[in-house]
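Chain by chain, the residues:
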Amino acid sequence: MSKLCDCVEILDSKRIPLSEKQRRNKNKIYPYYGAQGIIDYVDDYIFDGEYVLVAEDGNNLKSLKENIAIWVQGKFWVNNHAHILGKKKGYNLKYIYYILNFLDLRRYVTGSAQPKLNQNNLANIEINIPDESIQNKIAGVLGAIDDKIRINKIISVELEEMAKTIYDYWFLQFEFPNEDGKTYKSSDGKMVWSEELKREIPEGWEIDFLGNLFTSKRGISYNSKTIEGNGVPMINLASFNIDGSYKKEGIKIFSGQYTEDKIVKPFDLLMCNTQQTAIDYKKDIIGKAFLVPDIFDSDIVTSHHITTIQVKKDNIKYFLHRLFNTDYFHKYVAGFTNGTNILGLIFTGIEKYKLEVPDDRVLNKFAELMLDIEMQKSKIIKENQELASLRDFLLPLLMNGQVGFKN
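The sections below set out a description of the structure shown in this document. Computed from a prediction, not measured in an experiment: that's the story for all the values here.

Quick notes on the environment of serine 378
As for its position among the elements, serine 378 is in helix H10 (residues 360-399). Taking the C-alpha atoms as reference points, serine 378 and aspartate 146, 232 residues apart in sequence, are found 18 Å from one another. Setting aside residues no more than four positions away along its own chain, serine 378 makes contact with Phe267, Pro293, Asp294 and Ile295.

Laid out in structure tokens, this is it:
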């Protein structure tokens, strides 16, 4: 057995924390890491290369719901809530990254209310280090799986950017394809003045209130007892990323009773109705929405923090999904919240939002494109879950020497 400090360079002295105020007006170029990942972006970097970040504090050190070690490469900044490990000659840093996530490190963690892995305890973590050639092979196998997961994520991000671009091009610039397949506005498509909206819109589009386009229902109230043991996936507040996209790590397992009307299906439209962060609409998910990914093999339910948007015409669902995640709609939503400690959405405010409604021909074409993108994203999520399961299955076998390599 070896101590971690013998196998890596601990570079904590190079950390430079930046306050939120210091980060506020910086250009968002390079990732700014905290204990469990990226928490912001800044305009400069202090590290460039391949490193392992290990959480120094946080509840995850005890719960281990997520990996405590993160593999980072490229240019980045890091605060003082993550230890920084660099490569040392004779040791494969990627292997050390995997073994740190394989081991149960809770015996090195101090504090209960505020768990902490201090630098001395980190340095004295005991790890099994085989010959460098074996380190390289193990890191190579597991790294190949993670590389495929990373490539899939990049593809998923590109699909999402494509969807946003199409929405912007069609419904903000009015360059959707006309009946001849040409861009509408650039091909002299007729625009008419809307006195209600105080702007021009394509001829034939109607003006309506959001409340006339859908009905809504909230999910299930739950407590600690109903999210213990076996059950069905529950989409909840933690299932939303800040941009409104689906976050698989946030899923809870609901073991209570539910009725059929509480079940949601693939590509149902869900909106977050509860505040997640401090009062700052730019950093909160209230009013954001996503389409349920087609990745589940059982019933799916939602918590009371989630509202299911039940559209009256299916072709408008994909248009509304994109509208709900725009900056201007999110800013509007921020004005319709109430509460003392945690804000909730005043849904009548959303229902009174007035907008232009595209004609069915355009909505049908947009829905066709968006459904195809959402199906591809779902396939990627499912494949990445299978790849992650394979990696997690192989990890202990490789680390314990139960699976070897042919000469």
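Overview of the state of the cysteines
In this structure the tally under the stated criterion is zero disulfides. Free cysteine cysteine 5: the closest other cysteine sulfur is in cysteine 7, separated by 7.8 Å. Since its relative accessible area comes to 28%, cysteine 5 is described here as partly exposed.

Considering the environment of lysine 217
Along the chain, lysine 217 falls in strand E12 (residues 214-218). For lysine 217, a relative accessible area of 21% puts it in the partly exposed group. It is 9.7 Å that separates the C-alpha atoms of lysine 217 and leucine 270, two residues lying 53 residues apart in sequence.

Considering helix H7 (residues 317-324)
Owing to its 3.6 residues per turn, the α-helix aligns residues three or four sequence positions apart on the same side. For H7, a buried count of eight out of eight residues is recorded, marking the element as mostly surrounded by other parts of the structure. Every buried residue of H7 is accounted for by Lys317, Tyr318, Phe319, Leu320, His321, Arg322, Leu323 and Phe324.

Concerning unusual backbone geometry
With phi around 60 degrees, phenylalanine 174 is a residue other than glycine that occupies positive phi space. Inspection of the secondary structure puts phenylalanine 174 in the loop between helix H6 (132-171) and strand E9 (191-194).

A closer look at the pattern of salt bridges
Applying the stated criterion to the full structure yields 21 salt bridges. One salt bridge in this structure joins aspartate 40 and arginine 23, with 2.9 Å as the shortest N-O distance. Residue aspartate 40 is found in strand E4 (residues 37-42), and its partner arginine 23 is found in helix H2 (residues 20-24); the two are separated by 17 residues along the sequence. A salt bridge links lysine 377 to glutamate 160, with the shortest nitrogen-to-oxygen separation between them at 2.7 Å. You can see lysine 377 sitting in helix H10 and its partner glutamate 160 sitting in helix H6, a full 217 residues away along the chain. A single burial state applies to lysine 377 and to glutamate 160, both of which are buried. Via salt bridges that share partners, Glu160, Arg322, Glu374 and Lys377 belong to a single interconnected network.

Overview of the environment of tyrosine 33
As for its position among the elements, tyrosine 33 is in strand E3 (residues 30-34). Judged by its relative accessible area of 10%, tyrosine 33 falls in the buried class. Considered as a pair, tyrosine 33 and asparagine 79 are 46 residues apart in the sequence and their alpha carbons are 6.3 Å apart. What tyrosine 33 contacts, discounting residues up to four positions off in sequence, is Ile38, Ile39, Leu53, Val72, Phe76, Trp77, Val78 and Asn79.

Re the sheet that holds strand E5 (residues 47-55)
Spatially, E2-E7-E5-E6-E3-E4 is the arrangement adopted by the six strands of the open sheet, whose pairing is mixed. Among the strands making up the open sheet, the edge pair consists of strand E2 (8-10) and E4. The sheet shows a mean angle of 45 degrees between the axes of neighbouring strands, direction not considered. Pairing geometry for E5 and strand E6 (residues 69-78), over eight bridges, is antiparallel. Opposite tyrosine 51, over in E6, you have valine 72 as the bridge partner. In the packing of helix H4 (residues 93-102) onto the sheet, the strands contacted are E2, E5, E6 and strand E7 (82-87), and the crossing angle to E6 comes to about 130 degrees.

Quick word on the packing of H6 against H7
Where H6 contacts H7, the two axes come as close as 11 Å, and the packing angle between them is 100 degrees. With respect to each other, H6 and H7 are oriented roughly perpendicular. Note on element contacts: H7 touches H6 through Phe319, Arg322 and Leu323, opposite Glu160, Ala163, Lys164, Tyr167 and Phe171. Residues belonging to the contact of H6 with H7 are distributed by class as follows: five nonpolar, no polar and three charged.

Quick word on the layout of surface pockets
Looking at the second largest pocket, its volume works out to about 350 Å³. The wall of the second largest pocket is formed by Gln36, Asn59, Asn60, Ser63, Lys65, Glu66, Ala238, Lys247, Glu249, Gly250, Ile251 and Lys252.

Focus on the side chain of threonine 302
With respect to the helices and strands, threonine 302 occurs in strand E18 (residues 300-302). For threonine 302, a relative accessible area of 2% puts it in the buried group. Excluding anything up to four places from it in sequence, threonine 302 contacts Gly219, Ile220, Met234, Ile235, Lys262, Val264, Leu270 and Thr308.

Criteria and cut-off values
- Residues numbered from 1 in each chain as written.
- Predicted model: local features only at pLDDT ≥ 70, side-chain atom pairs only at ≥ 80, totals over all residues.
- Heavy atoms only, no water.
- Helix = DSSP H or I, 4+ residues; strand = E, 2+ residues; numbered from the N terminus.
- Contact = heavy atoms within 4.5 Å.
- Disulfide = S-S within 2.5 Å.
- Buried < 20%, exposed > 50% of the residue type's maximum accessible area, 1.4 Å probe, protein only.
- Salt bridge = Lys/Arg side-chain N within 4 Å of Asp/Glu carboxyl O.
- Pairing = 2+ DSSP bridges.
- Axes fitted to C-alpha atoms, helices over the stretch in contact; angles between N-to-C directions.
- Parallel < 35°, antiparallel > 145°, perpendicular 65-115°, else oblique.
- Nonpolar A, V, L, I, M, F, W, Y, C, P; charged D, E, K, R; others polar.
- 1 Å grid on protein atoms, 1.4 Å probe; cavity = no way out; pocket = protein on both sides within 12 Å on 5 of 7 lines; lining within 4 Å.
- Points joined across faces, edges and corners; volume = space filled by probe spheres on them.

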